[in-house]
Amino acid sequence: MSELAAHSAHPPGFAHQFETIAQQREAGKLGMWVFLVTEILFFGGMFTAYTVYRSLHLQAFVTGSHLLEVKFGATNTAVLIVSSLTMALAIRSAQTGKRKGQTIFWLILTMLLGATFLFLKFRFEWYHDYVDGIVPGVSWSYHGPYAPGAQLFMCFYFFMTGLHALHMVVGIGILTVLIIMTARNKFSSEYYAPLEISGLYWHFVDIVWIFLFPLLYLIGGRYLGS
Amino acid sequence: MSTAIADLHETPADLGVNYLNASYGIRSWLLTKDHKRIGLLYLATITLMFFVGGTAAVLMRLHLIEPQGALFEPETYNKLFSTHGIIMVFFFLVPSIPATLGNFLIPLMIGARDVAFPKLNLLSWYIFVTGCAFALYATLSGGVDTGWTFYPPYSSSFSHTHVVAVALGVFIAGFSSILTGLNFIVTIHKMRAPGMTWFRLPLFIWALYATSLIFVLGTPVIAITLFLLGLERILHVGIFDPAVGGDPLLFQHLFWFYSHPAVYIMILPGMGVISELITAFSRKKIFGYTFVAFSSLSIAVISFVVWGHHMFVTGQSIYAGLVFSVLSFLVAIPSAIKVFNWTATLYKGSISYQAPMLYALGFIGLFTIGGLTGLFLASLATDVHLNGTYFIVAHFHYIMVGGAVMAYLGGIHFWWPKITGRLYPDYWARVAAALIFIGFNLTFFPQFVLGYLGMPRRYAVYPAEFQVLNVMSSAGASILGIGYVIPLIYLTWSMRYGPAAGPNPWRAKGLEWTITSPPPTENFEETPVVTEEAYSYPSSGVASV
């Protein structure tokens, strides 16, 4: 009974299997780091396949890369980097015990930036690709040089950015939950672990894009020849 | 006395309030966050999958009684061996010990109330069941004929079977592995009781820690590979199709990057179980604790750099082949360390031959044969002769069935009194263990000979000269089948009618034996404080000999 009483004295969000709130926080953080390691391997399989095929079909992959619009990729890179900043500011404001309105503001801003990324991606990139007939398996009418290899490139482009976009959608879902939790006063300067852990995820998704952008858009020698 | 008789109607022996009877009803099981109940949910699920996969094996062996095939069309035979492999590997062996015994025992052994993330643990089971559902759906609606390896082009342009459904099932079940591994890693790092230092952990925990590393590092790669394969089939684009610049070998590389470590997902937890059994039934401290612990980790590490030995004859460069061959030989070192240390533990121990110990001793012998025959396959020249023959089938069944399944059954028998609070009939358990050992060897030893003589695997027919050995193998399979059904019967019987086991029927060491059987929902009334090494059996040390 005394044990139960001791537990109920802990802040909200404390789970029964832990001895202390610090143990819970460390476990949560380690859990997220391990999860991110699995994510690296998950994307890593695709990066490996991309790298192997790029070395096998270099010219075709360069051709494919030139089908992409750098200006949208670059804008989205900027949008995501700013969203990582706003995410960090949201955590900072919870950590320093600022008013919950401030935390919510930064979270909503992060969410809007994430949504902007997806809007640009779907509306100005994927939709145009569909219209232009460079979506393998769905709409393909490209008959330029290196067509088969360019198709392979576009496959990887859609799989990799699609998987990344899926992670963004999940991230926006997580942000929605965090906003509701913040509004319901679940967090304090002592307990904000869910914010911190979700932040790790958000930054990870950001970093994946930091690798995808040069790999897909930039390293095709676009600004050297022609 | 009168109360005892009154209780007889409900429970033959009063086991007190525990995790099994703390709450009743289907909801209390399907929504449980208790690691012990989740372990039992997995136990029920994988037992079902084991008998599905086993049925396919029995049908195959019946078919192969006659050289021209006794029962099926070749297409059906292809589907049978594919179903057998896929179900047994992904839906039985991979989750077997980790998801059942691991879930049940890790918190008990390290002195925790539960795993670090109980909800995630339950979610893992639901994900696993969803994966099973896809696999069973595909099997019942016609099956797949790709073999368990899903090599393109068998799985892409040339198969008209349910490849996508099965690949999706394996993909989904993979996330169950990932989340289970994640949960175990965090639990072992962060949930240990005071005084439970890394080098006081039972070796079962070290083995599962190493297994979890493979879960989280390997499984995502097979997931993405099957994802690419599925997209190739659905969208008709050529990821692995040479016609449009793809490379089927890339699939094999990515596949074996997971699937070779997956072999150690299957055997490492078994090795952990054997360390527990050997010490408990020879009443001795393990010989060379740190060597056994680190051999688990080094097996996990080396497992990631040997995958190319599955591809010696695929056109991989000869230099890559040489490197993979040498690296594969390295696995023999930590494996041999384990076998030698178990044997050294037995030396001058007070050995008793109860059912779990019979499985443990069977494991050591069969694993040794399986491991040594692996060296034939890791050598480039002999592999050219043996690749694609029954020699390989025999080799990996010695590891996976003679090793992993023996350890699984040994572990189930050892911890059954803890899980259910009841004893099973030891006589029948010994009979079953003996039948399984005999049946197993009769099934698979002839396959070494068949393979050496050149009989290829995966064929529905064979030359008449191989019939005698095939009939021996099929006869062994029927003995093996009976051996597996007997424990199912008496263990089920014991759940209701077995005598109460008490907290520690084997007088074994370890935190799980210090609490009541079955354990209470919270595991420990007070968090235990650990003050001694693992396996500190009284007879250990020279003084008490």
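Residues numbered from 1 in each chain as written. Chains lettered and ligands numbered in written order. Predicted model: local features only at pLDDT ≥ 70, side-chain atom pairs only at ≥ 80, totals over all residues.

(A) Fine view of the overall build of chain B. A count of helices and strands for chain B gives 17 helices and 0 strands. Over its C-alpha trace chain B gives a radius of gyration of 23 Å, about what one expects of a compact globule, namely 24 Å for 545 residues. Relative to its full complement of 545 residues, chain B shows a buried share of 54%. For chain B, contacts bridging at least 24 residues in sequence account for 84% of all contacts bridging at least 6. (Helix = DSSP H or I, 4+ residues; strand = E, 2+ residues; numbered from the N terminus. Rg over C-alpha atoms; globule rule 2.2 N^0.38 Å. Buried ≥ 20, exposed ≤ 12 C-beta atoms within 10 Å, placed from the backbone. Contact = placed C-beta atoms within 7 Å.)

(B) Structural view of the overall build of chain A. Looking only at helices and strands, one finds 7 helices and 2 strands in chain A. Along chain A, from the amino end to the carboxyl end, the secondary structure elements read α-α-α-α-α-β-β-α-α. Considering only C-alpha atoms, chain A reaches an extent of 75 × 30 × 30 Å along its principal axes. A total of 226 residues make up chain A; the buried ones form 35% of that total. Taking as baseline every contact in chain A between residues at least 6 positions apart, the subset at least 24 positions apart corresponds to 76%.

(C) Seen up close, unusual backbone geometry. Residue and element names in this part refer to chain B. Omega for the bond connecting Pro 152 with Pro 153 falls within 30 degrees of zero, at 5°, which places this linkage in the cis form. Backbone geometry places Phe 150, a non-glycine residue, at a positive phi of 55°. For Phe 150, the location among the structural elements is in the loop between α6 (118–140) and α7 (163–190). The exposure class of Phe 150 is buried, given the 26 C-beta atoms found within 10 Å. Notably, Tyr 535 is not glycine yet its phi reads approximately 60°, a positive angle. Along the polypeptide, Tyr 535 turns up in the segment after α17 (467–497). For Tyr 535, a count of 24 C-beta atoms within 10 Å puts it in the buried group.

(D) A look at the interface of chain B and chain A. Each partner contributes to the interface: chain B provides 33 residues, whereas chain A provides 28 residues. Contributions of two or more residues to the side of chain B that touches chain A are made by α7, α8 (203–235) and α9 (248–282) of chain B. When residues of the side of chain B that touches chain A are assigned to their parent elements, the largest contribution, 10 residues, is made by α8(B). Here the side of chain B that touches chain A is composed, by residue class, of 22 nonpolar, 7 polar and 4 charged. (Nonpolar A, V, L, I, M, F, W, Y, C, P; charged D, E, K, R; others polar.)

(E) Highlighting the environment of Val263(B). By the element assignment, Val263(B) lies in helix α9. On a C-alpha basis, the gap between Val263(B) and Leu377(B) in space is 15 Å, while along the polypeptide they are 114 residues apart.

(F) Inspection of helix α12 (residues 332–346) of chain B at higher detail. Residue and element names in this part refer to chain B. Taking 1.5 Å of rise per residue, the 15 residues of α12 would be expected to cover 21 Å, and the 21 Å separating its terminal C-alpha atoms lies within 8% of that figure. Within α12 the residues assigned to the buried category are Pro 334, Ser 335, Lys 338, Asn 341, Trp 342 and Thr 345. Angularly, the buried residues of α12 cover 130° about the axis, an arc narrow enough to put them on a single face. Immediately downstream of α12, the backbone of Lys 348 shows phi near 60°, a positive value. (Expected span 1.5 Å × (residues − 1). Arc of directions from axis to C-beta.)

(G) Just the packing of helix α2 (residues 21–56) of chain A against helix α6 (residues 147–183) of chain A, in detail. All names here are of chain A. Interaxial distance between α2 and α6 falls to 11 Å at its minimum, and their mutual angle equals 165°. The angle between the axes of α2 and α6 places the two elements in the roughly antiparallel class. Here α2 and α6 pass one another in a crossing that is left-handed. Together, Met 46, Tyr 50 and Tyr 53 of α2 and Leu 152, Phe 156, Phe 159 and Met 160 of α6 make up the contact between the two elements. For the contact of α2 with α6, a count of residues per class yields 7 nonpolar, no polar and no charged. (Axes fitted to C-alpha atoms, helices over the stretch in contact; angles between N-to-C directions. Parallel < 35°, antiparallel > 145°, perpendicular 65-115°, else oblique. Left-handed = near helix turned anticlockwise from the far one by under 90°.)

(H) Here's a closer look at the packing of α6(A) against helix α7 (residues 193–218) of chain A. Residues and elements named next belong to chain A. Packing of α6 against α7 brings their axes to within 10 Å, and their N-to-C directions diverge by 160°. As far as their axial angle goes, α7 and α6 are roughly antiparallel. Of the two elements, α6 crosses α7, and the hand of that crossing is left-handed. Here α6 contributes Tyr 157, Met 160, Thr 161, His 164, His 167, Met 168, Gly 171, Ile 174, Leu 178 and Met 181 to the contact with α7, which in turn contributes Pro 194, Leu 195, Ser 198, Tyr 201, Trp 202, Val 205, Val 208, Trp 209, Leu 212 and Leu 216. Looking at side-chain class alone, the contact of α6 with α7 contains 15 nonpolar, 5 polar and no charged residues.

(I) Quick look at the environment of Phe291(B). Residues and elements named next belong to chain B. Structurally, the position occupied by Phe 291 is in helix α10 (residues 289–302). A sequence separation of 47 residues divides Phe 291 from Lys 338, and the C-alpha atoms of the two residues are 7.9 Å apart. The contact partners of Phe 291, leaving out residues within four places of it in the chain, are Ile 337 and Asn 341.

(J) Region of the structure containing the confidence of the model for chain A. Chain-level pLDDT for chain A is 90 on average; 92% of the residues reach the 70-or-more range. Low pLDDT, under 50, characterises residues 1–8 of chain A; the predicted model gives this stretch 2 contacts beyond four residues in sequence or across chains. (pLDDT = per-residue confidence, 0-100.)

(K) Region of interest: helix α3 (residues 58–65) of chain A. Buried within α3(A) are the following residues: Ala60(A), Phe61(A), Gly64(A) and Ser65(A). One side of α3(A) carries all its buried residues, which in axial view fall inside an arc of 140°.

(L) Representation of the environment of Leu216(A) in the model. Residues and elements named next belong to chain A. Turning to its location among the elements, Leu 216 is positioned in helix α7. Leu 216 gets classed as buried once you count the C-beta atoms within 10 Å, which come to 21. Separated by 91 residues in the primary sequence, Leu 216 and Glu 125 have C-alpha atoms spaced 13 Å apart. Every residue in contact with Leu 216, bar those within four places of it in the chain, is listed here: Ser 65, Leu 68, Tyr 157 and Met 160.

(M) Layout of the confidence of the model for chain B. All names here are of chain B. Scored by pLDDT, chain B has a mean of 93; 96% of the residues are at 70 or more. Counted against residues more than four places away or in other chains, residues 1–12, with its pLDDT under 50, gives 2 contacts. Two numbers describe this predicted complex: its pTM, 0.93, and its ipTM, 0.91.

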